[in-house]
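# Residue-level structural notes
Listed here are the chains, written in short residue letters.
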Amino acid sequence: MNVLLYIAVLVGTFLAMEGITWLTHKYVMHGFLWYLHKDHHQVQPGFFEKNDAFFIIFALPSMALIFFGTYDHVWWMQALGFGIMAYGAAYFLVHDVIIHQRFKWFTRSNNAYIRSIRWAHKMHHKHLDRFQGESFGMLLVARKYRDKVRKDRKLMAGSRKVGYAPEAE
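Further remarks concern the packing of aromatic side chains. Throughout the structure, instances matching the rule amount to 6 aromatic pairs. Ring centres of Phe 14 and Tyr 87 lie 5.4 Å apart, and the angle between their planes is 65°; on these two criteria the pair is classed as edge-to-face. Taken together, the positions of Phe 14 in helix H1 (residues 3-32) and Tyr 87 in helix H4 (residues 75-99) put the pair 73 residues apart, joining distant regions of the chain. Assessed through its relative accessible area of 23%, Phe 14 is described here as partly exposed. Their ring planes at 20° and their centres at 5.7 Å tell us that Phe 54 and Phe 58 sit as a pair that is stacked. On the criterion of helical spacing, the pair formed by Phe 54 and Phe 58 is a turn pair, its members being 4 residues apart in helix H3 (residues 53-71). The class for Phe 58 is partly exposed, based on a relative accessible area of 38%. An aromatic cluster is defined as three or more aromatic residues linked by ring pairs; in this entry it consists of Phe 67, Phe 68 and Tyr 71. Between the NZ or CZ atom of Lys 148 and the centre of the ring of Trp 119, over which it lies, the distance is 4.2 Å.

A few words on the nonpolar core. Formed by 16 residues in total, the largest nonpolar core has its most connected members in Tyr 87, Val 94, Ile 117, Met 138, Leu 139, Val 141 and Tyr 145. When contributions to this core are tallied by element, the ones reaching two or more residues are H4 and helix H5 (112-125). Among the elements that make up this core, the one with the highest residue count is H4 (6 residues). Other than its neighbours up to four places away in sequence, Leu 139 contacts Phe 14, Glu 18, Tyr 87, Val 94, Tyr 113 and Ile 117.

Per the counting criterion, the structure on display carries 1 cavity of 30 Å³ or more. What the largest cavity holds in volume is close to 100 Å³. As for the largest cavity, its lining consists of 14 residues, of which Ile 99, His 121, Ser 135, Gly 137 and Met 138 are closest to the centre. Those elements that place two or more of their residues in the lining of the largest cavity are H1, H4 and H5. Looking at side-chain class alone, the lining of the largest cavity contains 8 nonpolar, 6 polar and no charged residues.

Packing of H4 against H5 brings their axes to within 11 Å, and their N-to-C directions diverge by 80°. The angle between H4 and H5 falls in the class roughly perpendicular. Packed against H4, whose contacting residues are Val 94, His 95, Ile 98 and Ile 99, the element H5 presents Ile 114, Ile 117, Arg 118 and His 121 at the interface.

One number sums up the size of the largest pocket: a volume of about 810 Å³. Residue lining of the largest pocket: 32 residues in total, with Phe 54, Phe 55, Phe 58, Gly 88 and Tyr 91 positioned closest to the centre. Mapped onto the lining of the largest pocket, the elements with two or more residues apiece are H1, H3 and H4. When the residues that make up the lining of the largest pocket are grouped by side-chain class, the tally is 20 nonpolar, 8 polar and 4 charged.

On to the environment of Val 97. Structurally, Val 97 is set in helix H4. Taking relative accessible area as the criterion, Val 97 reaches 0% and is therefore assigned buried.

Let us now look at the side chain of His 41. Along the chain, His 41 turns up in the loop between helix H2 (34-37) and H3. For His 41, a relative accessible area of 4% translates into the label buried. Engagement of the side chain of His 41 in a polar contact is seen with the side chain of His 37, the distance being 3.1 Å.

Criteria and cut-off values
Residues numbered from 1 in each chain as written. Predicted model: local features only at pLDDT ≥ 70, side-chain atom pairs only at ≥ 80, totals over all residues. Heavy atoms only, no water. Phe/Tyr/Trp six-rings, centres within 6.5 Å; stacked < 30°, edge-to-face > 60°. Helix = DSSP H or I, 4+ residues; strand = E, 2+ residues; numbered from the N terminus. Buried < 20%, exposed > 50% of the residue type's maximum accessible area, 1.4 Å probe, protein only. Lys NZ or Arg CZ within 6 Å of the ring centre and 35° of its normal. Core = buried A, V, L, I, M, F, W, Y, C linked by side-chain atoms within 4.5 Å. Contact = heavy atoms within 4.5 Å. 1 Å grid on protein atoms, 1.4 Å probe; cavity = no way out; pocket = protein on both sides within 12 Å on 5 of 7 lines; lining within 4 Å. Points joined across faces, edges and corners; volume = space filled by probe spheres on them. Nonpolar A, V, L, I, M, F, W, Y, C, P; charged D, E, K, R; others polar. Axes fitted to C-alpha atoms, helices over the stretch in contact; angles between N-to-C directions. Parallel < 35°, antiparallel > 145°, perpendicular 65-115°, else oblique. Polar contact = N/O pair within 3.5 Å; in protein donor to acceptor, adjacent residues only side chain to side chain.

As structure tokens, this is what we get:
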């Protein structure tokens, strides 16, 4: 087995997962499994949500591919499984840690990309029902959200107060 081919399948799977996530979020989570996802769009007390069941639902194919790929020595199955797992780890970091701040690790980032994904997700959550919505992806951010963050930065740069200004003598 060629290591570069293994890495290519793993990385390709990771990249393809953004499209799969978008489709699943729009047509499954906002479709026939809305009853699991609905509480994610509503403010409710508690750390866990029914929506957290999707972690298990999406982890099962990854675990199965890794297990059977390892057990049967089918390298591409294992690479697919690890690619899905890597995307799941990125999803957790971006969605639960950075966007929703369920864990207080990166609460004050001023990075333009992070601000863009947070704004895009905020626009997704402004819709409380399953039929209206926007920004169903996670890692790829539409240009309008990046442009909004850039525009806000320029506006804020013009209104910054000077920390020290010498007095006129």
